[in-house]
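Each chain is listed here by its residues.
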Amino acid sequence: MTQRVLTTESGAPVADNQNSATAGVGGPLLLQDQHLLEKLARFNRERIPERVVHARGSGAYGYFEVTDDVTGFTRAGFLSEVGKRTQTFLRFSTVADSLGGADAVRDPRGFALKFYTEEGNYDLVGNNTPVFFIKDPVKFPDFIHSQKRDPFTGKQEPDSVWDFWAHAPEATHQITWLMGDRGIPASYRHMNGYGSHTYQWTNASGEAFFVKYHFKTNQGIRCLSSEQAAEVVGTDANSHQTDLLQAIERGVNPSWTLYVQIMPAAEAADYRFNPFDLTKVWPHSDYPLQRVGRLVLDRNPDNVFAEVEQAAFSPNNFVPGIGPSPDKMLQGRLFAYADAHRYRLGVNHTQLPVNSPKAVPGGADNYGRDGFMATRNGSRTDKNYEPNSYSGPAQTDAALSAPLAVHGHTGTHAAPQHTKDDDFYQAGELYRLMSADEKSRLVANIAGGLSQVSRDDVIEKNLAHFHAADPDYGKRVEEAVTALRED
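Residues numbered from 1 in each chain as written. Predicted model: local features only at pLDDT ≥ 70, side-chain atom pairs only at ≥ 80, totals over all residues. Heavy atoms only, no water.

S.K.: Whenever I open this one, the overall build of the protein confuses me. Can you help?
M.R.: A tally of helices and strands in the protein yields 12 helices and 10 strands. Considered along the principal axes of its C-alpha atoms, the protein spans approximately 80 × 65 × 50 Å. Taking all 487 residues of the protein together, the buried fraction comes to 46%. At a minimum sequence separation of 6, the contacts of the protein that also span at least 24 residues come to 74%. Within the structure as shown, the protein displays about 24700 Å² of accessible surface, and the carbon and sulfur contribution to it stands at 53%. Of the side chains in the protein, 48 bear a positive and 60 a negative charge, and the two mean positions are spaced by 3 Å. (Helix = DSSP H or I, 4+ residues; strand = E, 2+ residues; numbered from the N terminus. Buried < 20%, exposed > 50% of the residue type's maximum accessible area, 1.4 Å probe, protein only. Contact = heavy atoms within 4.5 Å. Areas by Shrake-Rupley, 256 points an atom, 1.4 Å probe, with all protein chains shown as cover. Lys, Arg positive; Asp, Glu negative; His and termini not counted. Charge placed at Lys NZ, Arg CZ, Asp CG, Glu CD.)

Below, the structure is given as C-alpha cells:
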C-alpha cells in the first residue's frame, strides 16, 4: 500500500513531524517553523463552546419506517405511505451536566431526532420524559442556573436545586418522574423517548390535529438504582456511550416503535387539562396511542465531534403537514435552539454534513450568502435577492401547517385555566400508579436530596407540594426528610 504523505493545511508536504526547527542544536525555536505554529494554533482552536444544556451526548444514524397509515391526519411526505423509509440521526444526552459529565446520573435524557426528508429536515426535540419542570420559557434560564454549578462553590448545590423547585410548584410532576425508578436509565437503548411538547399535524384537506409523540423502546425499560448508578459511574463514566457504540458495532441495532396521541384541534379549548402545558400529559384513556412506525439505529458516527457535537437540532425545522402549537415552551424553543447553534457553530451550521438536508433534491436553495465557513454561495449568475428575473428559487404559497387562531390583547398573561389545571393532580396520579416498592424508592430519592437543604422554609415549601399531590406522598417524604436530618 502506498504511504500517504503528511501535509500542512495548505497541502505542502511535511519534512519532519518529530522535531521543531531551532537556531542551532539545542537552540531556541524559530518563528519561521510554520508547521509548528500551524499545529499549535489549530490545537488551541479545536474546541467550540459546549451546549449550555444537553452538553454530554451520544448519537447514531438509522432510519424510520412507516408501519401504519396516518395520512388522514398529516400530509407530511415522509409519513405518506406504509413501508416508506427515511434516514435519521438521533442524539441522546443528559441535561444538566457539562460535556465531561458522567452518563449514569439522575437527570432527564435528551431524545433529539433528525429526519432527513425529501421536503427538508424535520427535527423532533424531546426527552425521555413526557413532561418537563416548567411551562413558560421565561423561567428557563433561571431553572437551568439553579441546576448547574453554583458560581461560588463550582458544584451543584441542593439549596439552589430545591429552592427553585420550592418556587415552581408546576415542577412537582416532573420531580416525581425524575426521582422515581426511571430517573436513571440503564442505557440509552433501554428508555423511551417523547416529543414532550404538543405539535400540530395538518392533513391534505387542511384539517388540523394536535399530537404528542411517544417512542417506546423495543429493548424494554431498564433502569438503575442510585446505588447501582454510583457503581457504574465509578467503573465507566461513559457507560451509555460505550453501550450504544458497542451494541451497534455488534449489529444489535436498537429500535423504538413510534406512537402518537391525536386530538382534533376543536377539542383543545375544552379539554380538562391545558393541552399545551408541558408539565401535563394527556391520559391514554382520553387519547389512546396510535402506532405510526419503527425507528432503528444501525450506524455509528465516524467522528463524534463532527457528527454528534456539531449536530444541530431545532424544533422550528418543520416540513409540510407538521407545525407548532401554542405550547409556550415550544414557542420559546423555536427561537432559542436555532440561536444556540448559530452561536456555537456559526450561521452556516446547516451546511455541515450532519445538518444538511441531504434528501432534498438539489439540497437547500435560498438566498443566504457569506458568513463564516460558507460553502454554498451559488454561481456568478445566481442573485442574492428575491424576487428576481433570473429564475431564482421562489416561494410556494403553500403553508406548512394550519394557522393558529389568536385573540385578545397583548401582554404578559398567565396560561388559561382548564378544569383540572392545578400543579399537583397529575403528580398525584403518577404517584398512585406506583407499586409499594416504587413509592419507597421515590421517597428515598427525594428525601436524600431535600434533606441536604440548609433552609427550613425551602424544605417546608417543597413538602407542601408533595402533600398537595397526595397526602400519603407528602407524609412519607416529610417523615423521611425528618429522619435523615436528625441523623
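Don't stop here, the text continues.
S.K.: Help me understand the pairing of strand S7 (residues 208-217) in this model?
M.R.: Put simply, side chains in a regular strand alternate between the two faces of the sheet. Counting buried positions along S7 yields eight of 10 residues, so the element is predominantly enclosed. Of the strand pairs in this sheet, strand S6 (residues 199-202) and S7 are connected by four bridges, and their pairing is antiparallel. Its bridge partner being in S7, Tyr199 is matched across the sheet by Val211. (Pairing = 2+ DSSP bridges.)

S.K.: I would appreciate a short explanation of unusual backbone geometry in the present structure.
M.R.: Where the residue is not glycine, phi is negative for most of them; where a peptide bond is considered, it is trans in most cases. With an omega dihedral of 5°, the bond running from Glu386 to Pro387 counts as a cis peptide bond. Position of Pro387 relative to the elements: it lies in the loop between helix H8 (328-345) and helix H9 (425-433). Look at Met373: it is not a glycine, yet its phi comes out positive at around 60°. Structurally, Met373 can be placed in the loop between H8 and H9.

S.K.: Is there a simple way to think about the packing of aromatic side chains in this case?
M.R.: The relative placement of two aromatic rings is captured by the distance of their centres and the angle of their planes. Applying the stated criterion across every chain yields a total of 31 aromatic pairs. Taken together, a centroid distance of 5.9 Å and an interplanar angle of 75° make the contact between Phe111 and Trp256 edge-to-face. Taken together, the positions of Phe111 in strand S3 (residues 109-117) and Trp256 in strand S8 (residues 255-264) put the pair 145 residues apart, joining distant regions of the chain. With 4.8 Å between their ring centres and 35° between their planes, Phe133 and Phe143 make a pair best called tilted. Within this pair, whereas Phe133 is found in the loop between strand S4 (120-127) and helix H2 (140-147), its partner Phe143 is found in helix H2, the two being separated by 10 residues in sequence. (Phe/Tyr/Trp six-rings, centres within 6.5 Å; stacked < 30°, edge-to-face > 60°.)

S.K.: Would you explain the pairing of S4 in this entry?
M.R.: Counted residue by residue, S4 has eight buried out of eight residues, so it is predominantly covered. Pairing of S3 with S4 involves eight bridges; the strand directions are antiparallel. Counted as the bridge partner of Gly110 is Asn127 from S4. Two successive antiparallel strands, S3 and S4, enclose a turn made up of two residues.

S.K.: Sorry if this is basic, but what is going on with the environment of Arg299 here?
M.R.: By the secondary structure assignment, Arg299 is in strand S9 (residues 290-299). With 68 residues separating them along the chain, Arg299 and Tyr367 place their C-alpha atoms 34 Å apart. The residues contacting Arg299, other than those within four sequence positions of it, are Ala60, Tyr61 and Ile248.

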